[in-house]
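Structural overview
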Amino acid sequence: MGSDEVWFTIDDQRASLADVLEGLTPAQWTSTSLCDGWQVRHVAAHLTHSHMAPPRMVLEALKSGFRFDPMIRRLALEDDRSQPEIVAAMRAMVGSRKRIVGTVALDPLTDLLVHGQDIAVPLGLDRPVPTAAAVASANHLWRMRFPMHPAATVKGVRLIATDADFAAGRGREINAPIRDILMVLTGRRAVPDEANAHRGA
């Protein structure tokens, strides 16, 4: 995907997810997400933090001892904005190409695709992922070394998308839709056991 296509997809994902979030009931807004210890509202808030002003980002990093994961978790759990405020913040991000220093456009894209599932799956909502974007994100995740290193944690398997042009890894073959592969690469779903896989070369 070219840069313009990536950002167009980011805008589309932000707008559509804002629509979903706006329509949630209070019970859904505070229900458990796929992110450990996070409610749906925490995931939604986290997705708006990429537009945090750099000076505040430095301050927050300092508060967390420059430890990335604890900072991200603390910011999400401490965000007390209301549902309308978070929805409005996400809508305001549409059209912007602002991103955290040191990241690339595929980072917010991947965040939106994966966290969209973190919200939708527990709520029983079907949130399809655009194929080209999902493939780009899966390839990005496979090359990633920080803050995650999926290639090091998903070992002994070859992941093959059944509905997209994506394959990575070596070992027994895991054939699954690209949306499920994204969830495996980000630790949301376990690698299927031997009974559900084919032996690869």
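Scoring rules and cut-offs
- Counting restarts for each chain: residues are numbered from 1 in the order of the written sequence.
- A pLDDT threshold of at least 70 governs which residues receive local features in this predicted model, and a stricter bar of 80 or more applies before side-chain atom pairs are shown or counted, although totals over entire chains, interfaces and linings include all residues.
- To obtain the side-chain values, all non-hydrogen atoms of the structure were included, while hydrogens and water were left out.
- Under the DSSP-based scheme used, a helix requires at least four consecutive residues in state H or I and a strand at least two consecutive residues in state E, with every element numbered from the N terminus.
- Buried residues are those whose accessible area, probed at 1.4 Å on protein chains only, stays under 20% of the maximum for their type, while exposed residues exceed 50% and partly exposed ones sit between those limits.
- Only heavy atoms matter for contacts: two residues are in contact if any of them lie within 4.5 Å across the pair.
- Note on areas: Shrake-Rupley, 1.4 Å probe, and residue coverage restricted to the protein chains presented here.
- For two strands to be treated as a pair, DSSP must find at least two bridges joining them.
- Here the axes come from fitting lines to C-alpha atoms, over the contacting stretch only for helices, and the angles between their N-to-C directions go from 0 to 180 degrees.
- The salt bridge criterion pairs a side-chain nitrogen of Lys or Arg with a carboxyl oxygen of Asp or Glu, the two atoms within 4 Å.
- Any pair of nitrogen or oxygen atoms within 3.5 Å is treated as a polar contact; in protein, a donor-acceptor pairing is required on top of that, and neighbouring residues in sequence qualify only through side-chain atoms on both sides.
- Each residue carries a pLDDT value, the predictor's own confidence for that position, ranging from 0 to 100.

Attention shifts here to the overall build of the chain. Scanning the chain from N- to C-terminus turns up ten helices and three strands. When the helices and strands of the chain are placed in sequence order, the string is α-α-α-α-α-α-α-α-α-β-β-β-α. In the chain, which comprises 201 residues, the proportion classed as buried is 46%. Taking as baseline every contact in the chain between residues at least 6 positions apart, the subset at least 24 positions apart corresponds to 65%. For the chain, the exposed surface amounts to about 10,200 Å²; the carbon and sulfur share of it is 55%.

For the bond from Phe146 to Pro147, the omega torsion is 5°, close enough to zero to count as cis. Considering the arrangement of structural elements, one finds Pro147 in the loop between α8 (131–143) and α9 (150–153).

On to the sheet that holds strand β3 (residues 172–176). Strand order in the open sheet formed by three strands is β2-β1-β3, and the pairing between neighbours is mixed. Each edge of the open sheet carries a strand with a single partner, namely β2 (167–169) and β3. Direction aside, the axes of adjacent strands within the sheet are offset by 20° on average. In the sheet, strand β1 (residues 157–161) pairs with β3 via five bridges, with the strands oriented parallel. Considered in β3, the bridge of Ile160 is made with Asn175. On the sheet, helix α10 (residues 178–185) packs against β1 and β3 and is oriented at approximately 145° with respect to β1.

With that out of the way, let us pick up the pattern of salt bridges. Enumeration according to the criterion identifies eight salt bridges in this entry. Residue Glu78 pairs with Arg74 through a salt bridge whose shortest N-O separation is 3.4 Å. In this pair, Glu78 and Arg74 both sit in helix α5 (residues 68–78), four residues apart, roughly one turn of the helix. Here Arg81 and Asp79 are joined by a salt bridge, their closest N and O atoms 2.8 Å apart.

Once that is clear, we can look at the side chain of Ser33. By the secondary structure assignment, Ser33 is in the loop between α2 (26–29) and α3 (40–48). Take Ser33: its relative accessible area is 6%, and that puts it in the buried class. Of the polar contacts made by the side chain of Ser33, one reaches the backbone oxygen of Trp38; its length is 2.9 Å. Sequence-distant contacts of Ser33, that is, excluding residues within four places in its chain, are made with Trp38, Gln39, Val40, Val43, Asp118 and Pro122.

Another aspect to go through is the confidence of the model for the chain. On average, residues of the chain score 89 in pLDDT, and 87% of them reach the 70 mark or higher. Throughout residues 194–201 the model reports pLDDT below 50, and contacts reaching past four residues in sequence, or to other chains, amount to 14 contacts.

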